Amino acid sequence: MKRRLPIVLTDDHFRDECGVFGIFGHPEAANLTYLGLHALQHRGQESAGIATSDGEQLHLHRAMGLVQDAFSEQQLAQLPGRVAIGHVRYSTAGGSHIKNAQPFAVDYAKGSLAVCHNGNLTNADDLRTELEQRGSIFQSSADTEVLVHLVAISQEVTIDDRIAAALARAQGAYSLLFLTEDTMVAVRDPMGIRPLCLGILPGNKDAHVVASEPTAFDLIGAEYVRDVEPGEMLVIDGAGLRSLRLAAKAAPHFCVFEYVYFARPDSHFQLSAGGAQPLMKTRSVYEVRKALGEALAVEHPVDADVVIPVPDSGVPAAIGYAAARKIPFEMGLIRSHYVGRTFIEPQQSIRHFGVRLKLNPVEPTLRGKRVVIIDDSIVRGTTSRKIVKMVRDAGAREVHLRISSPPTQWPCYYGIDTPTRRELIASSHSVEEVTRYVTADTLGYLSLEGMLKAVAGPNAPSDGFCHACFSGDYAIPFKSTVPQKKQMRLVGV
């Protein structure tokens, strides 16, 4: 009998490629970084790594898999020092390999250096070609390694000047942490596309913490101070914390998908108004997602008996939609939290196998009902199709699909793993065609204007976001090396 291979499970969402965490000035730096990375696990599940400094040399451990699997108590004990940086990574297809795990750590003429990165350099290929022609040897396919080489060849004296010189040549989106024997440096790109936050441990005012999201602070008892500003460099060493301006302020373009899907609901970020205006108030991800659902209810109302979310990311928006429409909210789909990335499929085909491993309908809640399903996005449409059919098979009389963001029509080049444009169902098919494909009675997307207003909040400018995946309006130029392919064809419309 032929043995079935493991199938790779996906839930048809965009994937943020990484999360970063760093701490300076604590005797248990490695242990706290481990906990911080655990709180950022949703940002990457392929690999994890921690680099520490004991004041004289760097220590590094990287491994494939989840944080709790990558580090044992013994391995953490072998990472001494009061300073640490850590990284969780989600790779693009074909890139899941230990050589691409971060942090990267090297010894060079001016000492030791470790770096971890959330984002993507749009000119990385050009820089890599130039560096290779100068004799640089690369050990990974990650663009982060380009920054290591640029820092190493810089003729500047101080580490912050060397980093600034390297980043002056780099284009793209980045939130970066650098570590030397005695210094930690945090940098955010001039447009602030990827998030980065600053915190402090209340029992030790010299212990500074930096992370992709403030939820990482909550777990270790740190206090959120503020977001690192776009174009800002924080240098933390024995003299304390210094803030430097890396580049002239640019129009902010914070990734709006952080609010739609990527960030944990219990996170919050500061938003910059358009232009070079001061930072606005902090916006809660949970409250924003509820507001997205409320706006969706105004734009796409429907008479129904029950509103259910696609858990977990669709829950706050579903709560907002249900409240706005005065329709009961129910958990009509139950998610399993114990499914890994692969699973052995049974010999005999099971209908909706991949989706049912993660989601299962609550039939008494759905039977005979007019059901509204709330999800945050549709990417390829395959999972939405299976969910709609599963809800209908559970006895739903009508199934209406509502999406708390606009149609995703364009790939991201700023640090998010997205399909090619031909794989994005909304890029080449109308709402009516997508509705037929997912077999819903009706389908409604939130408008771009409605989404931006909900994210920015009442009476606030809504022009400080990157929404290229919805609009195709790319803030940073890039050169596409991917040849054009034929349009995606829908089967079953």
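Residues numbered from 1 in each chain as written. Predicted model: local features only at pLDDT ≥ 70, side-chain atom pairs only at ≥ 80, totals over all residues. Heavy atoms only, no water.

Engineer: So what exactly am I meant to see when it comes to helix 9 (residues 285-299) here?
Structural biologist: Along an α-helix, a turn takes 3.6 residues, which lines up residues three or four apart on a common side. Taking 1.5 Å per residue as the helical rise, helix 9 with its 15 residues ought to reach 21 Å, and the 21 Å between its terminal C-alpha atoms agrees with that figure. Regarding helix 9, the residues found buried are Val 285, Val 288, Arg 289, Ala 291, Leu 292, Gly 293, Ala 295, Leu 296 and Ala 297. For helix 9, the capping residue at the N-terminal end is Ser 284, with a side-chain oxygen 3.3 Å from the backbone nitrogen of Tyr 286. (Helix = DSSP H or I, 4+ residues; strand = E, 2+ residues; numbered from the N terminus. Expected span 1.5 Å × (residues − 1). Buried < 20%, exposed > 50% of the residue type's maximum accessible area, 1.4 Å probe, protein only. Polar contact = N/O pair within 3.5 Å; in protein donor to acceptor, adjacent residues only side chain to side chain.)

Engineer: Explain the packing of helix 4 (residues 124-133) against helix 5 (residues 144-153) here, please?
Structural biologist: Packing of helix 4 against helix 5 leaves a shortest axis separation of 10 Å and a crossing angle of 50 degrees. Taken together, the axis directions place helix 4 and helix 5 in an arrangement best described as oblique. Remark: the crossing between helix 4 and helix 5 carries left-handed chirality. Of the residues in helix 5, those touching helix 4 at Ala 124, Leu 127, Arg 128 and Leu 131 are Val 146, His 149, Leu 150 and Ile 153. By residue class, the composition of the contact of helix 4 with helix 5 is six nonpolar, one polar and one charged. (Axes fitted to C-alpha atoms, helices over the stretch in contact; angles between N-to-C directions. Parallel < 35°, antiparallel > 145°, perpendicular 65-115°, else oblique. Left-handed = near helix turned anticlockwise from the far one by under 90°. Contact = heavy atoms within 4.5 Å. Nonpolar A, V, L, I, M, F, W, Y, C, P; charged D, E, K, R; others polar.)

Engineer: Could you clarify how one ought to interpret the pairing of strand 24 (residues 398-403) in this entry?
Structural biologist: Side-chain positions along a regular strand alternate between the two faces of the sheet. When you tally the buried positions in strand 24, you get five out of six residues, the bulk of the element. Viewed along the sheet, the connection from strand 23 (residues 370-375) through helix 13 (residues 382-393) into strand 24 turns out right-handed. Across four bridges, strand 24 lies against strand 26 (residues 442-445) in parallel orientation. Of the residues in strand 26, the one forming a bridge with Leu 401 is Leu 443. (Right-handed = clockwise from strand over helix to strand, strands pointing away. Pairing = 2+ DSSP bridges.)

Engineer: Help me out: how do you make sense of the pattern of salt bridges in this one?
Structural biologist: Oppositely charged side chains are able to pair whenever their charged atoms sit close together. Across all of its chains, the model carries 16 salt bridges by this definition. Among the ionic contacts, a cluster of salt bridges with common partners joins Arg 43, Arg 194, Glu 213 and Glu 258. (Salt bridge = Lys/Arg side-chain N within 4 Å of Asp/Glu carboxyl O.)

Engineer: Sorry if this is basic, but what is going on with the packing of aromatic side chains here?
Structural biologist: Aromatic ring pairs are described here by two measures, namely the spacing of the ring centres and the angle between the planes. Per the stated rule, a full pass over the model turns up 11 aromatic pairs. Judged by centre distance (5.9 Å) and plane angle (75 degrees), the rings of Phe 254 and Tyr 259 are edge-to-face. There is no split in this pair, since Phe 254 and Tyr 259 are both buried. One aromatic cluster is present, built from ring pairs that chain together Phe 257, Tyr 261, Phe 262 and Phe 470. Lying across the ring of Phe 138, Arg 128 places its NZ or CZ 4.3 Å from the centre. For Arg 385, the ring lying beneath its charged end belongs to Tyr 437, and the centroid distance is 4.8 Å. (Phe/Tyr/Trp six-rings, centres within 6.5 Å; stacked < 30°, edge-to-face > 60°. Lys NZ or Arg CZ within 6 Å of the ring centre and 35° of its normal.)

Engineer: Can you walk me through the sheet that holds strand 5 (residues 58-64) in this structure?
Structural biologist: Where strands meet in a sheet, backbone hydrogen bonds hold them as pairs that are either parallel or antiparallel. A sheet is described by the order of its strands in space; here seven strands give the open sequence 5-4-6-3-12-11-13, paired in antiparallel fashion. Each of the sheet's edge strands pairs with one partner strand only, and the pair in question is strand 5 and strand 13 (223-227). Ignoring strand direction, the axes of neighbouring strands in this sheet form an average angle of 15 degrees. Of the strand pairs in this sheet, strand 11 (residues 197-201) and strand 13 are connected by four bridges, and their pairing is antiparallel. Looking at strand 13, one finds that Leu 198 is bridged to Arg 226.

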